[in-house]
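Observations on the three-dimensional arrangement
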Amino acid sequence: MKISEEEVQYVAKLANLELTPEEVKTFTHQLSSILEHMETLNEVSTDDVEPMTRIPDFGELASSSTPFREDVPGPTIGTERALGNAPDPGQKYFRVPKVIADR
Amino acid sequence: MNYEPVIGLEVHAQLLTRTKCFCACSTEFGASPNSNTCPVCLGLPGALPVLNREVVRLAVRAALALGCHINRISQFARKNYFYPDLPKGYQISQYDKPISEHGAIAIKVNGTAKRVGITRLHIEEDAGKSLHDGFPDSSEKSYIDLNRSGVPLVEIVSEPDLRSTTEAYAYLSKLKAILETTEVCNCDMEKGNLRCDANVSVRPAGSSEFGTRTELKNLNSFRFLQRAMEYEILRQVEILESGGHIVQETRLWNADEGKSYSMRSKEEAHDYRYFPEPDLLPLVVEDAFVEETLKTMPELPDAKKDRLIEQYGIPEGDADWLASSRTFSEFFEETVRICKKPRPALNWLKGELTAALNNTSLGLQESKISPAHIAELVGLIEGGVISGKMGKVVFEEMFATGKFPRKIVEEKNLVQISDVTALEKIAREVAASSPENVAKYRGGRTGNLAWFVGQVMKATKGQANPQLVNEVVKKVLEEN
């Protein structure tokens, strides 16, 4: 196994996921096989290859910068629509369970 | 044992743009809650960020002013964490390839110059604002305003080069002056345009190893900054002295109580699972862009200070003070250009004017006083038209109403009496009305002179030229 059950639980916690013991076993197995596959790829030497993080790094877009927007205000959707999907809006705000940590 | 603090600062500065970092929503302060929002800064599914060109220009400008190297290619990254004021579940920031690195700021503390390294300056977006108090159900609920979500910031990280809270203060002051001068940020700490976190550790003096550090958050005024760091240094020394060890943690400063508290948030909180932002291509800053930015760079505080000393012959401390504020130094130079008197102009600026601004909580630009006002006032005093004392009366009126000094002098009939014949006449009258005091003076009680001078000043309602009165009274008392 390339990854332990503890590591899977840790990552799940970071991602705000609750997993059943069975799911932990399943994902540990699946993630391990993905990582093993990566091992295979690791056998190729990539010392002289620039890391590629995005497809557009290729072809005519290669080394072009991310497109810019000019600093000109555009339309907003406004408070009412912004809060349209909020389950519990209050006084023009999103209202959520108390988040500040207790002392 | 003697301990030495080791401090590094992380400063977040809001860039002076009209719109947000990745969308066209306004950055205006004080707008109605959640009104400056759109699918991008609300984190709605499918919305895509597009980088604001002005953000890049300002970040490059700040980086160059701080002596940083500009990386031609930099990359945005996602910093993942869960908090209600972060709607996407991640903050777009820069991680392993920031836009700039390796700068420095020169500070001077107690006459000793020091170079404080800057590790990096990178671009990131701000989160929204959480309100935890002030609502009827604040005991159970937090309120979220996303107007600030996506507002552009630069984070400026210093090396752990600071060895006292005084040095940290000097560093932050200088950084603030540079960001203001370059018009990158307006640095209003009360509005949260400039925010500061500190990494603090202590170690036995002379040791070259670092102790365990804690991160102090919420140091949102210069006063808090120093007090919070001093508290933290003391807290750590006390723990070490009693044989304990420091826990690496984030602590929140509570200014009302003058204490810091552990933020006892989950220990995983620092695992942000950074990865390259797939929604944005790498940022390429061409040399031409850098050169263009360099061309429009204004005079920076250190250079300005040296020039002010050289050009106006003012003391170093005053030059430093002026150079730290673009508004004040420009005001000063304009005043001197009109009245040609650097010292008096400086004294009005750092004395009466600063005091009046503090008392009224006004900024220089919001006040009714222009360089022409101060220049005219200096001219009236230096030309002997009014005394320095009258000048203060004129200043008060001028500050309150914005009227020009010459007009105030006319309206209040404040012109200084410098007419010797008129003053002699008054002095004789005073002498005639009090022969016993005259006798005492002539009998050797020369200290009585002050009483006569006072009487003449009183008779002229304080408008006589005091020096002249002195001479005239002496002459009158000693004649015959």
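Presented here is a report on the structure given in the accompanying data block. (Residues numbered from 1 in each chain as written. Chains lettered and ligands numbered in written order. Predicted model: local features only at pLDDT ≥ 70, side-chain atom pairs only at ≥ 80, totals over all residues. Heavy atoms only, no water.)

1. Here's the deal with the overall build of chain B
Broken down by element type, chain B carries 16 helices and 17 strands. Once the C-alpha set of chain B is aligned to its principal axes, its extents read approximately 100 × 55 × 55 Å. Classification of the 480 residues of chain B by burial places 51% in the buried group. A sequence separation of at least 24 residues applies to 69% of the contacts in chain B between residues at least 6 apart. (Helix = DSSP H or I, 4+ residues; strand = E, 2+ residues; numbered from the N terminus. Buried < 20%, exposed > 50% of the residue type's maximum accessible area, 1.4 Å probe, protein only. Contact = heavy atoms within 4.5 Å.)

2. Details of the state of the cysteines
Residue and element names in this part refer to chain B. One pass over the full model with this rule turns up zero disulfides over all chains. Cys38 takes part in no disulfide bond, and the closest cysteine sulfur to it belongs to Cys25, at a distance of 3.6 Å. Here Cys41 stays free of any disulfide, with the sulfur of Cys25 as its closest cysteine sulfur at 3.9 Å. (Disulfide = S-S within 2.5 Å.)

3. Details of the nonpolar core
Residues and elements named next belong to chain B. Formed by 69 residues in total, the largest nonpolar core has its most connected members in Leu9, Tyr171 and Leu179. Examining the composition of this core, we find that nine residues originate from one element, helix H2 (residues 53–65), more than from any other. What Leu9 contacts, discounting residues up to four positions off in sequence, is Ile156, Val157, Ser158, Leu162, Ala168, Tyr171, Leu172, Cys196, Asp197, Ala198, Leu225 and Met229. Core analysis: the next-biggest nonpolar cluster, separate from the first, contains 35 residues, Ala323, Ile381, Met390 and Met398 among them. (Core = buried A, V, L, I, M, F, W, Y, C linked by side-chain atoms within 4.5 Å.)

4. Brief notes about the packing of aromatic side chains
Summed over the entire model, instances satisfying the criterion amount to 14 aromatic pairs over all chains. Judged by centre distance (5.4 Å) and plane angle (75°), the ring pair of A:Tyr93 and B:Phe135 falls under edge-to-face. Taken together, the positions of A:Tyr93 in strand S3 (residues 93–97) and B:Phe135 in the loop between strand S9 (129–131) and strand S10 (141–145) put the pair across two chains. Among the aromatic residues, those joined into a ring-pair cluster are B:Tyr81, B:Tyr95, B:Tyr272 and B:Tyr274. One Lys or Arg, B:Lys79, reaches over the ring of B:Tyr272 and ends 4.4 Å from the middle of that ring. (Phe/Tyr/Trp six-rings, centres within 6.5 Å; stacked < 30°, edge-to-face > 60°. Lys NZ or Arg CZ within 6 Å of the ring centre and 35° of its normal.)

5. Describing H2(B)
Every α-helix carries 3.6 residues per turn, so stepping three or four residues along brings you back to the same face. Residue and element names in this part refer to chain B. Under the 1.5 Å per step criterion, the end-to-end length of H2 is 19 Å for 13 residues, consistent within 8% with the ideal 18 Å. Counting buried residues along H2, ten of its 13 residues qualify, which places the element largely inside the surrounding structure. Every buried residue of H2 is listed here: Val55, Val56, Leu58, Ala59, Val60, Arg61, Ala62, Ala63, Leu64 and Ala65. Its side-chain oxygen 3.0 Å from the backbone nitrogen of Glu54, Asn52 forms the N-cap of H2. Directly beyond the C-terminal end of H2, a positive phi value near 70° is found at Gly67. (Expected span 1.5 Å × (residues − 1). Polar contact = N/O pair within 3.5 Å; in protein donor to acceptor, adjacent residues only side chain to side chain.)

6. Looking at the interface of chain B and chain A
Taken together, the contact between chain B and chain A spans 59 residues of the former and 41 residues of the latter. Surface buried jointly by chain B and chain A totals about 4600 Å² across both partners, of which 57% is contributed by carbon and sulfur atoms. Counting across the chain B and chain A interface gives three salt bridges. Remark: the boundary between chain B and chain A carries 29 residue pairs in polar contact (both at pLDDT 80 or more). Within the residue set of the side of chain B that touches chain A, elements represented by two or more residues are helix H1 (39–42), strand S2 (51–52), H2, S10 and strand S17 (283–284) of chain B. Sorting elements by how many residues they give to the side of chain B that touches chain A places S10(B) first, with five residues. (Buried area = accessible area lost by both parts, 1.4 Å probe. Salt bridge = Lys/Arg side-chain N within 4 Å of Asp/Glu carboxyl O.)

Honestly, that's just the spatial picture; any functional story needs more than this.
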